[in-house]
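What follows is each chain in one-letter form.
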Amino acid sequence: MSIARPFALAEAEAMPELVSRRAALRGLGAAGLLAALAGCGVPAAYVPEDRRRGRDLSDRDRALSFSNWPLYIDTDDQDEESRPTLEAFSRRTGIEVRYSEEINDNDEFFGKVSPSLMNHQPTGHDLVVVSDWMAARFVHLGWAQKMDRAAQANVTRYLDPQLRSPAFDEGRLHTVPWQSGITGIAYNRKALGREIKSVRDLWKPDLAGKVTLFSGLDESFALLMQGNGTDVTRWTEADFHRMCDQVETMVHKKHIRRFTGNDYTSDLGKGDVLACQAYSGDVIQLRADNPDIEFVVPEEGAELWAESLLVPNLARHKANAEALVDHYYDPAVAAELAAAVNYVCPVPAAREVLAASPDEETARLAENPLIFPDEAMRSRLAVARDISSAERPAFAKRWNAIVGL
């Protein structure tokens with residue numbers, strides 16, 4: 001079982017242009033693009049449920065197109081082009097998977113496929129992985145097809161209950177988590193000389209100029225609001241502006257060193273910062289290089305997020321795509337993927353598979369709370385409500401002004 005290390009320190013330094021999978025808005029952004037296209041006379045964007053399905057060629061064409069982020073799947077130790085879990089699916093079903101690592105930024109991908117989806121045309125994609133805040137946009141626009149759960153027994157049985165019904169897709173009818181993760185705090189305990197237990201600890205004087213936050217609004221806001229005691233499942237406009245006021249104050253005091261994408265891993269690894277917003281999966285790999293680095297789910301809580309699979313409108317191989325989704329919810333397959341990517345596994349039953357592994361290193365992954373959170377940690381995790389399309393322009397404008405985007 002190979003461990004493909006997504007966005008580990010060495011890879012972040014080798015590929016500085018590779019942005020986080022939970023990437024920030026850029027340029028016009030998704031909302032701006034929609035407005036611009038609408039102004040050019042493009043038909044209304046929303047597609048009702050009964051117009052989303054195209055002619056499904058799955059029975060006669062045993063293939064599908066699957067687009068994912070780089071370094072987000074298992075690979076073979078001897079051949080980086082070999083992806084054992086995909087190959088096992090093809091052997092079992094006879095379905096060829098055309099796998100592409102073409103998604104480097106949520107908005108970039110949205111801009112690529114939105115003209116087709118707005119004009120009710122196929123995108124050429126049967127299955128894609130996007131961050132849940134972007135998946136929310138697809139769902140709200142009616143651009144994601146409802147999956148056939150009757151054909152997905154593993155999803156129905158094994159999907160993590162905490163991820164089953166996000167606000168943007170109640171009941172997970174249109175999306176299924178690929179991997180999940182936690183946005184919390186990473187810090188160098190030895191260099192700092194104390195523990196961090198709270199978001200408020202980031203603002204203490206001994207961290208002046210040694211803190212970084214994520215530049216992306218969708219990546220940052222939930223944890224910072226949780227530091228104020230906000231229930232992020234139902235936060236308000238007042239909660240948002242209170243959070244922005246605090247961050248703006250810290251920027252003016254030069255307490256925040258900078259706002260980052262995934263390059264925070266390099267800053268923390270080199271000691272340029274002592275504490276930062278961080279993703280749980282990255283810290284597992286950082287700790288392998290530096291055991292002094294700790295990851296904290298703050299007392300006030302942290303955000304549990306997912307990056308999800310969805311089937312775009314008019315996909316030509318919908319049934320094949322649904323079969324692949326269900327394949328990854330087999331606990332044995334989910335365990336193999338979890339061991340490779342080290343994010344929170346959306347299939348809790350995979351823990352038992354890893355625990356039974358004869359390989360000691362693999363078996364230890366079953367006890368890692370950043371892959372399989374225990375009940376104490378889960379009690380402090382929340383799935384934040386997404387930013388609505390009506391809120392986004394004003395909120396992004398304020399946040400981007402603070403961050404300097």
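Keep in mind that what you see is a predicted model, and the values were worked out from it rather than measured.

Cut-offs applied
- Residues numbered from 1 in each chain as written.
- Predicted model: local features only at pLDDT ≥ 70, side-chain atom pairs only at ≥ 80, totals over all residues.
- Heavy atoms only, no water.
- Core = buried A, V, L, I, M, F, W, Y, C linked by side-chain atoms within 4.5 Å.
- Buried < 20%, exposed > 50% of the residue type's maximum accessible area, 1.4 Å probe, protein only.
- Contact = heavy atoms within 4.5 Å.
- Helix = DSSP H or I, 4+ residues; strand = E, 2+ residues; numbered from the N terminus.
- Pairing = 2+ DSSP bridges.
- Arc of directions from axis to C-beta.
- Axes fitted to C-alpha atoms, helices over the stretch in contact; angles between N-to-C directions.
- Parallel < 35°, antiparallel > 145°, perpendicular 65-115°, else oblique.
- Nonpolar A, V, L, I, M, F, W, Y, C, P; charged D, E, K, R; others polar.
- Phe/Tyr/Trp six-rings, centres within 6.5 Å; stacked < 30°, edge-to-face > 60°.
- Lys NZ or Arg CZ within 6 Å of the ring centre and 35° of its normal.
- Left-handed = near helix turned anticlockwise from the far one by under 90°.

(A) Focus on the nonpolar core. If you look at the biggest cluster of nonpolar residues, it comprises 123 residues, and the most contacted ones within it are F66 and F138. Non-local contacts of F138, meaning those with residues more than four positions away in its chain, are made with F109, F110, V113, L117, W143, A144 and L310.

(B) Inspection of the pairing of strand β5 (residues 211–214) at higher detail. Residues V211 and L213 of β5 are buried on one face, and the alternating residues T212 and F214, pointing to the opposite face, are buried as well. Where β5 meets strand β6 (residues 256–260), four bridges bridge the pair, whose relative direction is parallel. Across the sheet, the residue bridging to F214 is T260, located in β6. Inspection of the sheet shows β5 paired to strand β7 (residues 275–279) by two bridges, in the parallel sense. Looking at the pairing, T212 lines up with C276 of β7.

(C) Here's a closer look at helix α3 (residues 84–93). Taken together, the buried positions of α3 are T85, L86 and F89. One side of α3 carries all its buried residues, which in axial view fall inside an arc of 105°. Positive backbone phi, at 80°, marks G94, one or two positions downstream of α3.

(D) Molecular detail of the side chain of T230. As for its position among the elements, T230 is in the loop between α8 (217–226) and α9 (237–252). When neighbours within four sequence positions are excluded, T230 is seen to be in contact with M225, W235 and D239.

(E) Seen up close, the packing of α8 against α9. In contact at an axis separation of 10 Å, α8 and α9 are set at 95° when each is read in the N-to-C sense. One way to sum up the angle between α8 and α9 is to call them roughly perpendicular. Two secondary-structure elements touch here, α8 through L217, F221, L224 and M225 and α9 through D239, F240, M243 and V247. Across the contact of α8 with α9, the residue classes break down as seven nonpolar, no polar and one charged.

(F) Spotlight on the packing of aromatic side chains. Considering all chains together, one arrives at 16 aromatic pairs under this definition. With a centroid separation of 6.0 Å and an interplanar angle of 80°, the aromatic rings of Y72 and Y343 are classed as edge-to-face. Of this pair, Y72 sits in the loop between β1 (63–67) and α3 while Y343 sits in the loop between α13 (331–341) and α14 (350–355), placing them 271 residues apart in sequence. Here the two residues Y72 and Y343 agree in accessibility, since each one is buried. Across the ring face of F110, the terminal group of R137 is positioned such that the distance to the ring centre comes to 5.9 Å. Taking NZ or CZ as reference, R385 lies 3.7 Å from the ring centre of W235, over its face.

(G) The packing of helix α4 (residues 106–118) against helix α5 (residues 132–141), seen in detail. Following both chains from N to C, one finds α4 and α5 inclined at 15°, their axes separated by 11 Å at the closest point. On the basis of the axis angle, α4 is roughly parallel to α5. In terms of crossing hand, the pair formed by α4 and α5 is right-handed. Contacts from N106, D107, F109, F110, V113 and L117 of α4 reach α5 at W133, M134, R137, F138 and L141. Looking at side-chain class alone, the contact of α4 with α5 contains eight nonpolar, one polar and two charged residues.

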